[in-house]
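Geometric and topological summary
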Amino acid sequence: MVKTGKARAHTNIALIKYWGKADEALIIPMNNSLSLTLDKFYTETRATFDAQLDRDYFYLNGEEVDEKETQKISAYLDLVRERAGTALHARIDSTNFVPTAAGLASSASAFAALAAACNEALEMNLSDKDLSRLARRGSGSASRSIFGGFAEWEKGHDDESSYAHAIDADYWEDDLAMIFVVINQKSKKVKSRAGMSLTRNTSRFYQYWLDHVEADIAEAKAAIADKDFDRLGRVFEENGLRMHATNLGAQPPFTYLVPESYDAMALVHECREAGLPAYFTMDAGPNVKVLVQKQHQQAVIDKLTTYFDSDQIIASDIGTGVEIINEEDEL
């Protein structure tokens with residue numbers, strides 16, 4: 001018995017961040033978040049469940065990964081098997097289409113693609129809501145990569161109530177782009193999960209962060225509905241800076257930002273002063289993401305390349321939601 005499914009999912013960038021978990025095991029966040037899915041970066045994954053296999057296998061970019069990483073995927077597959085009512089082991093073949101210089105974590109696209117591939121292979125027929133819930137169990141941000149464009153992850157309070165959904169905003173599709181300023185790809189001294197936990201448990205600024213996220217979400221959704229680019233830019237730029245400020249209040253304090261991160265932010269401010277609307281955000285790392293309208297994209301890139309090398313700048317359009325790939329069509 002062999003059951004196979006293949007799926008493609010794109011990564012997303014959180015405009016309104018989630019920072020800290022209410023439940024580490026179930027990956028339930030402390031607050032709602034809002035993201036934008038991008039077309040430049042994606043993962044394609046094939047899941048093959050086979051009665052002849054005596055264990056799980058995981059191949060990434062054509063190479064079998066080590067036992068530690070395979071165990072992580074196997075633990076996730078246990079959740080899938082429990083949901084699907086099967087004991088079949090699987091071979092997972094995953095390819096990341098993320099530029100090597102992007103400095104982007106691919107966990108969002110990776111687990112969204114894996115969840116969708118398993119859903120297809122095992123004929124689970126999950127709704128988008130339940131597929132989002134399943135992807136969340138691998139990586140919180142993967143819950144949002146089930147959807148294209150803007151998506152909101154509802155924090156919920158348990159496994160059933162924590163999931164993402166699309167925000168109806170098709171009228172933005174041909175208007176927005178994002179520019180990545182890749183500062184460096186060095187391993188972070190404080191991993192994202194550890195940073196979230198430390199900040200939530202010790203930061204004197206953390207409650208201030210939580211007190212403002214709900215208002216940020218409401219403001220961002222209103223700006224999206226009104227197609228007000230500057231209003232949207234202001235709120236997500238402030239939200240990103242506020243998130244990073246919580247890290248400085250942790251015990252001990254830490255930061256993901258480096259001097260070049262601030263240089264990129266300064267260049268974005270100069271763009272706005274010159275009449276080029278552009279707004280930045282940063283995740284748990286030094287790289288800066290800049291949201292622009294397509295009509296200003298090249299001008300902003302030109303400004304950024306006055307300081308950064310052109311190979312440090314990567315542009316992307318809005319991406320689609322998770323897709324099932326019919327391999328017969330690829331032949």
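- The name given to the protein chain in an unreviewed UniProt entry is diphosphomevalonate decarboxylase, and the organism recorded there is Staphylococcus simulans UMC-CNS-990.
- As its UniProt record puts it under Sequence similarities (unreviewed entry), the protein chain is described as follows: "Belongs to the diphosphomevalonate decarboxylase family."

1. Some points on the overall build of the protein chain
- A count of helical and extended segments in the protein chain gives 9 helices and 14 strands.
- For 331 residues, the compact-globule estimate of 2.2 N^0.38 gives 20 Å, and the protein chain sits close to it at 20 Å.
- When the backbone C-alpha atoms are referred to their principal axes, the protein chain occupies close to 65 × 45 × 40 Å.
- Each of the 331 residues in the protein chain was classed as buried or not, and the buried ones make up 53%.
- Contacts in the protein chain between residues at least 24 apart in sequence constitute 76% of all its contacts with a sequence separation of at least 6.
- For the protein chain, the computed accessible surface area is about 14800 Å², with 47% contributed by carbon and sulfur atoms.

2. Overview of unusual backbone geometry
- The peptide bond linking glutamine 251 to proline 252 adopts the cis configuration, its omega dihedral lying at 0°.
- Mapped onto the fold, proline 252 is located in the loop between α6 (229-248) and α7 (259-273).
- At isoleucine 27, a residue that is not glycine, the phi angle is positive and equals roughly 55°.
- Mapped onto the secondary structure, isoleucine 27 falls in the loop between β2 (21-23) and β3 (28-29).
- A relative accessible area of 4% means that isoleucine 27 is categorised as buried.
- Of note, lysine 227 is a non-glycine position whose phi angle comes to about 50°, a positive value.
- Within the secondary structure layout, lysine 227 lies in the loop between α5 (206-226) and α6.
- Overall, the relative accessible area of 39% leaves lysine 227 in the partly exposed class.

3. Some words on the side chain of asparagine 12
- In this fold, asparagine 12 is placed in strand β1 (residues 2-16).
- Engagement of the side chain of asparagine 12 in a polar contact is seen with the backbone oxygen of serine 141, the distance being 3.0 Å.
- Among the polar contacts made by the side chain of asparagine 12, one reaches the side chain of serine 145 at a distance of 2.8 Å.
- Apart from the residues within four sequence positions on either side, asparagine 12 is in contact with Ser35, Leu36, Thr37, Ala108, Ser141, Arg144 and Ser145.

4. Some words on the environment of lysine 40
- The topology assignment puts lysine 40 in strand β4 (residues 33-50).
- Taking the C-alpha atoms as reference, lysine 40 lies 8.3 Å from isoleucine 318; in sequence the two are 278 residues apart.

5. Thoughts on the side chain of aspartate 130
- If you trace the backbone, aspartate 130 turns up in helix α3 (residues 128-136).
- Among the residues examined, aspartate 130 registers a relative accessible area of 19% and is labelled buried.
- Of the polar contacts made by the side chain of aspartate 130, one reaches the side chain of arginine 133; its length is 2.9 Å.

6. Side note on the packing of α5 against α6
- Following both chains from N to C, one finds α5 and α6 inclined at 160°, their axes separated by 9 Å at the closest point. Taken together, the axis directions place α5 and α6 in an arrangement best described as roughly antiparallel. Here the hand of the crossing between α5 and α6 comes out left-handed. Residue-level contacts link Tyr206, Tyr208, Trp209, His212, Val213, Asp216, Glu219, Ala220, Ala222, Ala223, Ile224 and Asp226 of α5 to Arg231, Leu232, Val235, Asn239, Arg242, Met243 and Thr246 of α6.

7. Observations regarding the nonpolar core
- Judged by nonpolar contacts, the single largest core of 77 residues is most densely connected at Leu34, Phe49, Phe150 and Leu232.
- Considering every element that reaches this core, the biggest residue donor is helix α2 (residues 107-121), with 9 residues.
- Not counting chain neighbours up to four residues away, the residues in contact with phenylalanine 150 comprise Leu15, Leu34, Ser35, Leu36, Ala166, Ile167, Ala169, Trp172, Leu176, Ile224 and Leu232.
- Membership of the second largest hydrophobic core comes to 22 residues, among which are Ala177, Ala264, Met265 and Val268.

8. Concerning the sheet that holds strand β11 (residues 278-282)
- Sheet architecture is open: 4 strands sit in the order β11-β12-β10-β13, paired in antiparallel fashion. The sheet terminates laterally at β11 and β13 (313-317), the two strands that pair on one side only. Ignoring which end each strand starts from, the neighbouring axes of this sheet average 25° apart.
- With 5 bridges joining them, β11 and strand β12 (residues 288-293) adopt antiparallel strand pairing. Residue pairing for β12: alanine 278 is matched across the bridge by valine 292.
- Each of β10 (176-181), β11 and β12 touches α6; the most contacted strand, β11, lies at about 25° to it.

What counts, and at which threshold
- Residues numbered from 1 in each chain as written.
- Predicted model: local features only at pLDDT ≥ 70, side-chain atom pairs only at ≥ 80, totals over all residues.
- Heavy atoms only, no water.
- UniProt positions renumbered as here; feature names shortened; annotations may be inferred.
- Helix = DSSP H or I, 4+ residues; strand = E, 2+ residues; numbered from the N terminus.
- Rg over C-alpha atoms; globule rule 2.2 N^0.38 Å.
- Buried < 20%, exposed > 50% of the residue type's maximum accessible area, 1.4 Å probe, protein only.
- Contact = heavy atoms within 4.5 Å.
- Areas by Shrake-Rupley, 256 points an atom, 1.4 Å probe, with all protein chains shown as cover.
- Polar contact = N/O pair within 3.5 Å; in protein donor to acceptor, adjacent residues only side chain to side chain.
- Axes fitted to C-alpha atoms, helices over the stretch in contact; angles between N-to-C directions.
- Parallel < 35°, antiparallel > 145°, perpendicular 65-115°, else oblique.
- Left-handed = near helix turned anticlockwise from the far one by under 90°.
- Core = buried A, V, L, I, M, F, W, Y, C linked by side-chain atoms within 4.5 Å.
- Pairing = 2+ DSSP bridges.

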